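Each chain, written out:
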Amino acid sequence: MNVSIIGTGNMAKGIGLRLAGGGHQVQLHAKDQAKGQALASEIGHDTSVVAVGTPTHDVVVLAIPYSQMQSVADSYQAFAGKIVIDITNPVDFDTLRLIPAPGTSGAETVAALLPEANVVKAFNTVFSSVLAAGQVSGQVPDVFVVSDGADAKSTVVTLINSSGLRAIDAGSLAHARHLEGMGLIHMSIQATLGTNWQSAVQIVS
Ligand SMILES: NC(=O)c1ccc[n+]([C@@H]2O[C@H](COP(=O)([O-])OP(=O)(O)OC[C@H]3O[C@@H](n4cnc5c(N)ncnc54)[C@H](OP(=O)(O)O)[C@@H]3O)[C@@H](O)[C@H]2O)c1
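Being a predicted model, the structure only gives us computed values, none of them experimental.

## Quick word on the overall build of the protein
- Across its full length, the protein carries 7 helices and 10 strands.
- Computed over C-alpha atoms, the radius of gyration of the protein comes to 16 Å, within 12% of the 17 Å expected from 2.2 N^0.38 for 205 residues, which places it in the range of a compact globule.
- Buried positions account for 49% of the 205 residues belonging to the protein.
- Here the analysis covers contacts within the protein between residues at least 6 apart in sequence; of these, 67% occur between residues at least 24 apart.
- Both charge centroids of the protein, one from 10 positive and one from 15 negative side chains, sit 5 Å from each other.

Below, the structure is given as structure tokens:
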């Protein structure tokens, strides 16, 4: 698949490495072209870099802070009909609480900002360091995927499974609030466990 990633930070790197390694074509949207080129070189596999603007690919990963969603919705055009993957953990790091009001989620806020896009929540429970490595202690991280669009969700599940990770369909977009809570708990327990961001949420059976 051809995938546009908006952002050139830690998650853009982790997701970019996994997708490119899985044979997918990655396009980075960079505010800073030099930063974008450096990351594209690191990802390899003919990863391209373009400026802020219109994502050309049908799958778009928003690898940006939750606080930037409104700005991205305003600065980027043509999300209509595209699969937009929201990976954010909308957390207030001063209070260690979720920013969205109880009963909703960051993903549903993104869906409201981009009403013509097919919004899928994924990757928020996986740390960038683990994505970059593709594993932790030899274990492949699970990636929970939720959306109200069956086709969009199925496409993202296929994308993830073909990139050396395990996707788990976890239901509708309303479940994003629980994934965001899970992301918050996973971050909160790093000090407790002393795992230093080298842990992953995985369902064992
Ligand atoms: N880090 C993790 O382990 C982790 C795990 C799960 C989920 N997440 C979520 O993933 C998202 C990204 O996290 P991160 O760790 O990758 O953050 P990061 O390293 O700070 O990267 C954020 C990126 O967003 C770009 N950006 C900011 N505003 C933008 C805008 N208006 N338009 C285009 N690009 C913009 C930044 O560009 P500049 O640097 O040029 O400003 C930067 O490249 C966050 O929502 C976070 O909650 C992170």
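## Observations regarding the nonpolar core
- Ranked by size, the top nonpolar core spans 41 residues in total, and within it Ile 5, Ile 15, Ile 85, Phe 123 and Ile 160 carry the most contacts.
- The element contributing the most residues to this core is helix α1 (residues 10-21), with 6 residues.
- Counting residues in hydrophobic clusters, the runner-up holds 23 residues, among them Ala 107, Leu 114, Leu 179 and Val 201.

## Considering the site of the ligand
- Not every one of the 24 residues close to the ligand is listed here, only the nearest: Thr 8, Met 11, Lys 31, Lys 35 and Ile 64.
- A distance of 2.6 Å is found between an oxygen atom of the ligand and a side-chain nitrogen or oxygen belonging to Lys 31.
- Lys 35 places a polar side-chain atom, nitrogen or oxygen, 2.4 Å from an oxygen atom of the ligand.
- For the ligand, the accessible surface in isolation is 900 Å², of which the surrounding protein chains cover 78%.

## Remarks on the layout of surface pockets
- Estimates place the volume of the largest pocket at around 860 Å³.
- Around the largest pocket, the lining is made up of 36 residues, and of these Met 11, Ala 63, Ile 64, Pro 65 and Tyr 66 lie nearest the centre.
- Of all the secondary structure elements, the ones that give two or more residues to the lining of the largest pocket are α1 and α3 (69-75).
- For the lining of the largest pocket, a count of residues per class yields 20 nonpolar, 13 polar and 3 charged.

## Quick word on unusual backbone geometry
- In this structure, Asp 46 takes a positive phi of about 60° despite not being glycine.
- The class for Asp 46 is exposed, based on a relative accessible area of 68%.
- Phi angles above zero are rare outside glycine, and Trp 197 is one such case at about 70°.
- Mapping Trp 197 onto the fold places it in the segment after α7 (176-193).

## Observations concerning the environment of Ile 87
- On the secondary structure map, Ile 87 appears in the loop between β5 (83-86) and β6 (91-92).
- Overall, Ile 87 belongs to the buried group, its relative accessible area being 6%.
- Sequence spacing of Ile 87 and Val 143 is 56 residues, and the spatial spacing of their C-alpha atoms is 11 Å.
- Once residues lying within four places of it in the same chain are set aside, the contact partners of Ile 87 are Met 11, Ile 15, Val 61, Leu 62, Ala 63, Lys 121, Ala 122, Phe 123 and Asn 124.

## Details of α7
- Taking 1.5 Å of rise per residue, the 18 residues of α7 would be expected to cover 26 Å, and the 25 Å separating its terminal C-alpha atoms lies within 8% of that figure.
- Listing the buried residues of α7 in full gives Ala 176, Leu 179, Glu 180, Gly 181, Gly 183, Leu 184, His 186, Met 187 and Gln 190.
- Looking at the buried positions of α7, the neighbouring elements they touch are β5, β6, β7 (97-98), α4 (106-113), β8 (118-121) and β9 (142-147).
- Of the residues trailing α7, Gly 194 is marked for its positive phi of about 65°.

## Quick word on empty space enclosed by the protein
- On inspection of all chains with the given rule, the structure shows 1 cavity of 30 Å³ or more.
- In this model, the largest cavity occupies a volume close to 30 Å³.
- Contributing to the lining of the largest cavity are Leu 62, Met 69, Val 72, Ala 73, Phe 79, Val 110, Leu 113 and Leu 114.
- Top contributing element to the lining of the largest cavity by residue count: α3, with 3 residues.

Scoring rules and cut-offs
- Residues numbered from 1 in each chain as written.
- Predicted model: local features only at pLDDT ≥ 70, side-chain atom pairs only at ≥ 80, totals over all residues.
- Heavy atoms only, no water.
- Helix = DSSP H or I, 4+ residues; strand = E, 2+ residues; numbered from the N terminus.
- Rg over C-alpha atoms; globule rule 2.2 N^0.38 Å.
- Buried < 20%, exposed > 50% of the residue type's maximum accessible area, 1.4 Å probe, protein only.
- Contact = heavy atoms within 4.5 Å.
- Lys, Arg positive; Asp, Glu negative; His and termini not counted.
- Charge placed at Lys NZ, Arg CZ, Asp CG, Glu CD.
- Core = buried A, V, L, I, M, F, W, Y, C linked by side-chain atoms within 4.5 Å.
- Near = heavy atom within 4 Å.
- Polar contact = N/O pair within 3.5 Å; in protein donor to acceptor, adjacent residues only side chain to side chain.
- Areas by Shrake-Rupley, 256 points an atom, 1.4 Å probe, with all protein chains shown as cover.
- 1 Å grid on protein atoms, 1.4 Å probe; cavity = no way out; pocket = protein on both sides within 12 Å on 5 of 7 lines; lining within 4 Å.
- Points joined across faces, edges and corners; volume = space filled by probe spheres on them.
- Nonpolar A, V, L, I, M, F, W, Y, C, P; charged D, E, K, R; others polar.
- Expected span 1.5 Å × (residues − 1).

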